[in-house]
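Listed below are the residues making up each chain.
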Amino acid sequence: GTKVDGPVAASDGTVDVYGTVNGDVVAFRGDVVVHERGEVTGNAIAIGGAVHVRGGRVGGQTLTLSADPQTGGTIVPVDPSSRGMNQRARGGGWRS
């Protein structure tokens, strides 16, 4: 698989990881999807999206954050079990 040095970031789209990212992966208004045989050696972070580990591996933390309108747009952690697992961001993305 492809190996890329991170950090890797995308805005308004999904980051699909099929290879290895040596470092962190961040998606803003999108998802991070770590597919089978995909690996993120650092953290996988989604702001306004979700992190999905689908057979791959994340060496660091997985963190899903959302802007909460009740707190004036403050970024707050989201319980991943409360989100639909089929949600995907629209727009461009990045694939490793």
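The coordinates are above.
Read on for a plain summary of the structure. This is a predicted model, so every value here is computed, not measured.

1. What about unusual backbone geometry?
Here the residue pair G6 and P7 is connected by a cis peptide bond, since its omega of 10 degrees sits within 30 degrees of zero. Within the fold, P7 resides in the loop between β1 (3–5) and β2 (8–11). For D12, which is not glycine, the phi dihedral falls at a positive 60 degrees. Of note, D12 is situated in the loop between β2 and β3 (15–17). One non-glycine residue with positive phi stands out, namely R29, at about 55 degrees. Residue R29 is classed as partly exposed on the basis of its relative accessible area, which comes to 43%.

2. Here we look at the side chain of D31
With respect to the helices, strands and loops of the structure, D31 is situated in the loop between β5 (25–28) and β6 (32–35). Within the structure, D31 has its side chain in polar contact with the backbone nitrogen of A50 (distance 2.8 Å).

3. Here we look at the nonpolar core
The biggest cluster of nonpolar side chains holds 14 residues, and the ones touching the most others in it are V15, V17, V25, V32 and V40. Elements that contribute at least two residues to this core include exactly β2, β3, β5, β6 and β8 (44–47).

4. Re the pattern of salt bridges
Once the charged atoms of two side chains with opposite charge are near each other, the side chains can pair. Applying the stated criterion to the full structure yields two salt bridges. A salt bridge links D12 to R29, with the shortest nitrogen-to-oxygen separation between them at 2.5 Å. Here the residue D12 occupies a position in the loop between β2 and β3, and R29 occupies one in the loop between β5 and β6, the gap between them amounting to 17 residues. With a closest N to O distance of 3.0 Å, E39 and R57 form a salt bridge. Taken together, the residues E39 in strand β7 (residues 39–40) and R57 in strand β10 (residues 57–58) connect sequence positions 18 residues apart. On the basis of relative accessibility, which here comes to 47%, the residue R57 falls in the partly exposed class.

Thresholds, definitions, all that
- Every chain is numbered independently, its residues counted from 1 as its sequence is written.
- At least 70 in pLDDT is required for a residue's local features to be given in this predicted model, at least 80 for side-chain atom pairs to be given and counted, and no such filter applies to totals for whole chains, interfaces and linings, which use all residues.
- Note: side-chain values were computed over all heavy atoms of the structure, leaving out hydrogens and water.
- Strands are runs of DSSP state E lasting at least 2 residues, helices are runs of H or I lasting at least 4, and numbering of each runs from the N terminus.
- Burial classification: accessible surface area is computed with a 1.4 Å probe over protein chains only, and a residue below 20% of its type maximum counts as buried, one above 50% as exposed, and the rest as partly exposed.
- Identification of polar contacts relies on pairs of N or O atoms within 3.5 Å, with a donor-acceptor requirement for protein atoms, meaning one able to donate a hydrogen and the other able to accept it, and with residues adjacent in sequence counted only if both atoms are side-chain atoms.
- Definition used in this section: a nonpolar core is a set of buried Ala, Val, Leu, Ile, Met, Phe, Trp, Tyr and Cys residues joined via side-chain atoms within 4.5 Å.
- Any Lys or Arg side-chain nitrogen located within 4 Å of an Asp or Glu carboxyl oxygen qualifies as a salt bridge.

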